[in-house]
Amino acid sequence: MVKTQPCNCANCGKRVFAWMMSLDRGGPYDEAVRDRKQSLFGSLNGNVLEIGPGTGVNLAYFPKNINWIGIEPNPFMHSYLKIEAQKLNFNNIEIRTASSERIDAEDNSMDAVVSTLVLCSVPNLYNTLQEILRVLKPGGHFLFIEHVAAPQETMLRKIQSTIRPVWKLIGDGCSPDRETWIALDNAGFSNVNYEHFRAPVPIVSPHIAGVATK
């Protein structure tokens, strides 16, 4: 009898999630955040680290002459990232399998750190922000676009909190009601600037976009 290896459900979930992310391009959401991404990322230079780059949806917005490092814990995203980089003729990239709570980079080594739709799903937001501060050079910038919790006592906030367990299960750990802006204000950056806006997506339409400086 031929023995088969048991299915690793965690890996199956990560593989499926990576495939789904690779298909999610060019829709109303991308249109809604395009100008903000161009404004935030278009003039970056030097060493740029992106946490949770997924399948590479932000690569098109970065200048080609930067040294880009992606911290992507899901190894099934890596092939999609490489394909996207090749399509864009983006040569100076490096992908590292690590977590945002323990970023694989030296202290004071990055000119900028980028995250989009990542801080909602990190297990420990405080540790992640402290790691971002650690790897940034003095005066370096953390640039972000993140969905956040709706205002307290609103119907949308109640919905977000109610569906959180299921949402986290199907969304790779994503918390729809995380007050990310408060964590940013208290993380220890010398300056934090962001704007609240609405994106055309259900449940997680409240967003923030901005820059925090070390």
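Everything that follows concerns the structure shown earlier in this document.
In this report, the structure presented in the accompanying data block is examined. None of the values given here were measured: they were computed from a predicted structure.

This structure, assessed with the given rule, holds 3 aromatic pairs. Ring centres of phenylalanine 142 and phenylalanine 144 lie 5.4 Å apart, and the angle between their planes is 40°; this geometry places the pair in the tilted category. Here the aromatic rings of phenylalanine 142 and phenylalanine 189 are separated by 6.2 Å at their centres, their planes lie at 15°, and the arrangement is stacked. Of this pair, phenylalanine 142 sits in strand E5 (residues 136–147) while phenylalanine 189 sits in the loop between helix H6 (180–185) and strand E6 (191–198); the two residues are 47 residues apart in sequence, bridging distant segments of the chain. The burial state of phenylalanine 142 is the same as that of phenylalanine 189; both residues are buried. Here the aromatic residues Phe142, Phe144 and Phe189 are joined through ring pairs into a cluster of three or more. The lysine or arginine in question, arginine 36, covers the ring of phenylalanine 197, its NZ or CZ lying 3.7 Å from the ring centre.

Residues Val166, Leu169 and Ile170 make up a contiguous nonpolar surface patch of about 360 Å² in total accessible area. Tracing the backbone through its elements, the reader meets leucine 169 in helix H5 (residues 155–170). In this structure leucine 169 comes out as exposed when scored by relative accessible area, which is 73%.

Attention now goes to the pattern of salt bridges. Inspection of the entire model under this criterion finds 9 salt bridges. Among the ionic pairs, arginine 34 bridges to glutamate 31, the shortest N-O distance being 2.7 Å. Of this pair, arginine 34 and glutamate 31 both sit in helix H2 (residues 28–41), 3 residues apart, which is roughly one turn of the helix. In this structure arginine 34 comes out as partly exposed when scored by relative accessible area, which is 27%. A salt bridge links arginine 96 to glutamate 94; the nearest nitrogen and oxygen atoms lie 2.9 Å apart. Its relative accessible area of 18% is what places arginine 96 among the buried residues. It is possible to trace a salt-bridge network through shared partners that takes in Asp107, Glu131 and Arg134.

Reading guide: rules and limits
- Residues numbered from 1 in each chain as written.
- Predicted model: local features only at pLDDT ≥ 70, side-chain atom pairs only at ≥ 80, totals over all residues.
- Heavy atoms only, no water.
- Phe/Tyr/Trp six-rings, centres within 6.5 Å; stacked < 30°, edge-to-face > 60°.
- Helix = DSSP H or I, 4+ residues; strand = E, 2+ residues; numbered from the N terminus.
- Buried < 20%, exposed > 50% of the residue type's maximum accessible area, 1.4 Å probe, protein only.
- Lys NZ or Arg CZ within 6 Å of the ring centre and 35° of its normal.
- Patch = residues over 30% accessible without salt bridge, like charges linked within 9 Å, V, L, I, M, F, W, Y side chains within 5 Å.
- Areas by Shrake-Rupley, 256 points an atom, 1.4 Å probe, with all protein chains shown as cover.
- Salt bridge = Lys/Arg side-chain N within 4 Å of Asp/Glu carboxyl O.

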